[in-house]
Amino acid sequence: MKKLMTLLTVLLTLSLVGQAQTNTGKISGKVIDGSTKTIEAATITLHKAKDSSVVKISVANKEGDFVFEAVKEGSYFVSITAVGHNKGFSETVSITTVSTAVTLKTIELVPVSKSLGNVTVTARKPLIEQKIDRTIVNVEASVTNVGASALEVLEKSPGITVDKDGNVSLKGKQGVQIFIDGRPSYLSGPDLANYLRNLQSQQLDQIEIMTNPPAKYDAAGNAGIINIKTKKNKQFGYNGSLTLGYGQGRLPKFNEGFNFNYRHNKINLFTNLSHNYRKNFQELSIQRKFIDAATKNVVSHFNQVNHLTDFNQSYSGKIGMDYNASKKTTVGVVVSGFINPGEFASRGIMFISDPNMMLQSETRARAANKEKWKNVSTNFNIRHTIDSSGKEISGDIDYIRYRVSNNQQITNSYYNAVGVPNKISDSLVGNLPQHIDIYSAKVDYIHPLKKGAKLEMGFKTSYVETDNDARYDSLLNRVYILDSGRYNHFTYKENVNAAYVNYSKQFSKKWSGQFGLRVENTNIKGHSTGYTYNAGSNFGNFDSTFKRNYTQLFPTVYMQYAANEKHNFGINYGRRIRRPDYESLNPFIMFLDRYTFEQGNPNLLPQFSHNVELTHTFKGFITTTLNYTKTTDIIQQILVQNNEKNQTFVKQANIASQRQYGIAVNIMLQPKKWWNGNIYLNVYNNNFKGIINNDFVSVGATTGLINVSNQFKFNKGWAAEAGGFYRTEGVDGIFRVKGLGMVNMGVSKTILKQKGSLRFSVRDVFWTNRIKGESRYSNIDASFQQYRDSRVANLSFTYRFAKGKMNGGPKRKAGGAGEEQSRVKNGGDN
C-alpha cells in the first residue's frame, strides 16, 4: 500500500506542477453547421497569428463547444475541420494581461455534399468532461480501459466505488441506478455485477454520472444514475470496427467484438456482436465470533477460508433499424440479447473453536454451480417534430425477457479436532430456475416557449412479473430425494405509473433555472410458499402474500448563476426513492454454505432520500461540489446469528437513517499540449443510526477518495496513460472497510494509416486492490479479507473501416424501459 500511495502522490504532484508552470489565458468558442445544428467531435486547431504555426489541438464536445486553456500572451486564430464540412476559420484575437479570457464568435461550417470515399477519421476526446448536470467519462480516451469490463471501467471513474461483491456506490452512497443507453438495466445486486463483468469496454462509448437527475428520469436511485452509453455512429455509407483482445492475470481472459453501421437515404441499419471469456479466482477469509446477546460473552469462534474459481462467457448482440419516414418523423426498432453461461467452484474449510480458541470441529465443503442467463430485449421508438419552433413528441415501447437456469451442488464433510470423520457427509443439489418479464411504455413531449423557455412533460407505465421456483434434493444412499423442507415458489408482480413536468428558462444573462416534478404510483403483489427460518431457530411451513400501493411526489430544482467569466455557481435539490430488489422480498432461505444463508424480507419498505448540492466552477476547469443527503428507512444487509448451530443469516432490513455530507473537487488540467490530466478529490462523512437486532447502533466515518489520470500524446501515433485511485477507510452500511486502491498504466500506437490501433495496459500494477473489512455491533463481531485476480495485463488490436460522410440527423433512440430492470438479479455473484 505504501508503493501505491507513493506513486499516486508522484502522479498528483506531476499534474499540479506541470499545470503551475503554464499561464492562465483562455480561448473558447462554439462550432455549428450551416443549418445551425451543432457538430460533434470537430477538430479545433489553435494557430499563432504571425506565422500560422500550430499551438494546440482540441476536439469540440457534443454541443460544439471548445476551449483552450493555458494560452500564453499573443495573437491567435483557430481553424476547424469536421467530416462532411468545409474547413472554417475564426477571427484573430489576442491574450494579454488585461484580456485573459476570450470568447470567439460562433463559427459555421458549410456542409459538403460529395462522398468522402474510403476515409477513416479519428478524433481524440478528453477522458473526463464536466457538464452542469453530469460528469462524462469517454471510455476509449483511456488506454488502461483496454480489455477491461464495464465494472472495472466504473471502478476507476470519478466518485464511483465498487465493493467486494460488485455493488456500485456513488460518492459513498449506495442505491445507484445503472442505465444502458438511457434505459435502466433492470438488474441489481450480484446479477447486475455479473452483467457488468461481461460487458466489455470495447462496446462502450461514454459513461454519464448524474448525482441528481432531472424529473424526466425515473426517481429510483438513492445516489443518482450512471448511464452507460454503447457505441453508435451517424455516418452515411458504412463504417465499423473489429476488436480482438487478450488479458492475462493469474488466469486468462479474452474478448472479440464487431460493430457495423450502414446508413443510406432514409434507412439506417446497425449491429454489434461480441464474445467475452473471463476466468477468475478469489480468496476469501472470514472470522466470526458468536456472542451471547445477554452476557456479551463469546460462545464460539468460527474461521472460514474459501478458494473460489469461476469462468464466464458472454455472447451478446444487437441489431436495429432507423427509418426516416419524413423530414419530421423517425421510427426505429432495436432487438438485443445475450447468453451468459458460467460455472463456479468453491473449496472451503470451516474451523469451529470454543471461547478459548481450542479447535472443536472442522467442516470441509465443496460447491459447484452452473448457471445460464438468456435475455431478449425489444424496443420500438418514434420521434416526430411538430413544427419549426422545436415542438417534439417521442415514444418508446419496450419488452424485456430473462430466462435463467441455475444448478447447485454443495457437499460437506465433517471432522473432529484431530481430523477424524465424525459424521456422515451430506450433499445438497439445488435447481433454481427464474423467469422475468418486463413491459414498459412512455411518451415525452417538448414545447418551446417565448424568450428561450422550455416546457417538457411525459408519462410512463411499466409492468414487471417474476417467477422463481427453488427445489433442493438431498443425497441419501446415493439417491437424490426431494427435500420438502427446502422448497420455495415465489411470484412477484409490480406496476409503476409515472408522469412528470419540467420547466427551464434563462431568466437573465446570469441567472437560469430548471424546475421539475415527478409523480410515481406503485402497486406490488408478492406470493411465496415453502419453508423459512423463524425466531425459534427452526424451519417451518409458510404461505404468505403481501400487497403494497403508494403514490409519491419527487420534486427537482436547479438554479445557476454565472457571476462572470471566471465564476459560475449552481444549486440543485432532488428527492429520490430506492425500491427493494425483487429477490430481497422473498422470505425463502438461499443456502450459501453449510453455515451461511441468505434470506429475503417481505416487510421491506422503500427508502427515500433528500439530496442537495452546491457547485462552483472556476474558469471552466475546476469544479467544487458540496453535498448533503438525508436518507430514511435505508435498505441494508444485516447479520443474524444462531449461536447453537454456528449459523449466520444475511438479511435485508430497513435498519436505520443515514446522513451524509461531503465535498468533491474535479480539476481538468493541460500542463502541456501533449499532456492532459484530471484530478478528482472527494471527502465525505457517512453516519448510520438505527435499531439492529434490538440494539441501538451508530456507525460512522469520514472517507477520502482520490482519482488521478494522466494522458500523454506523442508523435507518430504514440500515446500513454498513468493513473490510479485510493480510498481511505470508510463505512459501507454496517461494514467498516479498510483503505484500498490501485495504479494503472498503458501505452498505445496507431498503425495501418490510422485505421488500426494497438493497446497494451496493466491494471492494478502493484496488486493492491485487496479488500478488508469488519462489522461489529450488538452481538455481531465479524471480519473478512478478500483478494482476486485484479492485476491483469491486456493487449488489444482494433481495426476501423468507413466509407461515407458524417450526418447531423436525429440521434438514435435509446429506449424507454424504466428503473425496473435495475432490480433484477442477473447471473450470480463472482
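Above: the structure in question.
For every chain, the first residue of the written sequence is number 1, and numbering continues from 1 along that sequence. Thresholds applied to this predicted model are a pLDDT of at least 70 for local features of residues and 80 or more for the giving and counting of side-chain atom pairs; totals over whole chains, interfaces and linings are not thresholded and use all residues. Excluding hydrogens and water, the side-chain values take into account all heavy atoms of the structure.

Draft legend 1. Molecular detail of the overall build of the protein chain. Where helices and strands are cited, they refer to DSSP runs of H or I of at least four residues and of E of at least two residues respectively, numbered from the N terminus. A tally of regular secondary structure across the protein chain gives three helices and 46 strands. Summarising the internal contacts of the protein chain: among those between residues at least 6 apart in sequence, 68% fall at separations of at least 24. When the accessible surface of the protein chain is summed, it comes to about 35300 Å², and 57% of that surface belongs to carbon and sulfur atoms. Between two residues, a contact is recorded if the distance between any of their heavy atoms is within 4.5 Å. Here the accessible surface of atoms and residues is derived via Shrake-Rupley with a 1.4 Å probe, and residues count as covered only by protein chains that are part of the display.

Draft legend 2. Representation of the pattern of salt bridges in the model. Each reported salt bridge corresponds to a side-chain nitrogen of Lys or Arg within 4 Å of a carboxyl oxygen of Asp or Glu. Applying the stated criterion to the full structure yields 19 salt bridges. Members of the salt-bridge network, linked through shared partners, are Asp-218, Lys-460, Arg-518, Glu-520 and Arg-579.

Draft legend 3. Summary view of the environment of Asp-781. Within the fold, Asp-781 resides in strand 45 (residues 780–788). The class for Asp-781 is buried, based on a relative accessible area of 13%. In this structure, the C-alpha to C-alpha distance between Asp-781 and Gln-287, residues 494 residues apart in sequence, is 8.4 Å. Here Asp-781 is in contact with Gln-287, Arg-288, Lys-289, Ile-291, Ser-775 and Arg-776, once residues within four sequence places are set aside. Any pair of nitrogen or oxygen atoms within 3.5 Å is treated as a polar contact; in protein, a donor-acceptor pairing is required on top of that, and neighbouring residues in sequence qualify only through side-chain atoms on both sides. There is a polar contact of 3.0 Å between the side chain of Asp-781 and the side chain of Arg-776. Partly exposed residues are those whose accessible area sits between 20% and 50% of the maximum for their type, while under 20% is buried and over 50% is exposed, using a 1.4 Å probe and protein chains only.

Draft legend 4. Broad picture of unusual backbone geometry. Its identity is not glycine, yet Asn-646 carries a phi of approximately 55°, on the positive side. Tracing the backbone through its elements, the reader meets Asn-646 in the loop between strand 35 (622–642) and strand 36 (647–672).

Draft legend 5. Layout of a positive patch on the surface. To count toward a patch, a residue needs a relative accessible area over 30% and no salt bridge; like charges are then connected within 9 Å, while nonpolar side chains (Val, Leu, Ile, Met, Phe, Trp, Tyr) are connected within 5 Å. Counted as positive: Lys and Arg. Counted as negative: Asp and Glu, with His and the chain ends omitted from the count. Each charge is placed at NZ for Lys, CZ for Arg, CG for Asp and CD for Glu. A surface patch of positive charge is lined by Lys-48, Lys-50, Lys-72, Lys-672 and Lys-673. Note on placement: Lys-672 falls in strand 36. For Lys-672, a relative accessible area of 34% gives the class partly exposed.

Draft legend 6. Up close: the pairing of strand 39 (residues 718–727). The element strand 39 is largely enclosed, with a buried count of nine among its ten residues. Two strands qualify as a pair provided that DSSP identifies no fewer than 2 bridges between them. Two elements, strand 38 (residues 695–713) and strand 39, share nine bridges in a ladder whose sense is antiparallel. By the bridge assignment for strand 39, Ser-709 is matched with Gly-723. In textbook terms, the turn of a hairpin is the stretch between consecutive antiparallel strands, and for strand 38 and strand 39 this stretch comprises four residues, one of which, Lys-716, has a positive phi near 60°. Judged from the ten bridges that link them, strand 39 and strand 42 (residues 740–751) form a sheet pairing that is antiparallel. Across the sheet, the residue bridging to Ala-719 is Ser-748, located in strand 42.

Draft legend 7. Quick peek at the packing of aromatic side chains. Between 30 and 60 degrees the pair is tilted, below 30 it is stacked and above 60 it is edge-to-face, where a pair is any two Phe, Tyr or Trp rings, Trp via its six-membered ring, whose centres lie within 6.5 Å. Overall, the coordinates contain 31 aromatic pairs when judged by the stated rule. With a centroid separation of 6.4 Å and 5° between ring planes, the pair formed by Phe-258 and Phe-260 is classed as stacked. Consider the rings of Phe-597 and Phe-649, whose centres lie 4.9 Å apart with planes at 20°: the pair is stacked. In this pair, Phe-597 sits in strand 33 (residues 596–599) while Phe-649 sits in strand 36, placing the two residues 52 residues apart along the sequence. Considered together, Phe-597 and Phe-649 belong to a single accessibility category, that of buried residues. By the ring-pair criterion, three or more aromatic residues cluster together here, those being Tyr-238, Phe-258, Phe-260 and Phe-801. Stacked on the ring of Phe-281, the Lys or Arg Arg-250 has its end atom at 4.0 Å from the ring centre. The rule for a charge over a ring is simple: NZ of Lys or CZ of Arg within 6 Å of the ring centre, and within 35 degrees of the ring normal. Looking at Arg-594, its charged tip hangs above the ring of Tyr-595, at a distance of 5.1 Å from the centre.

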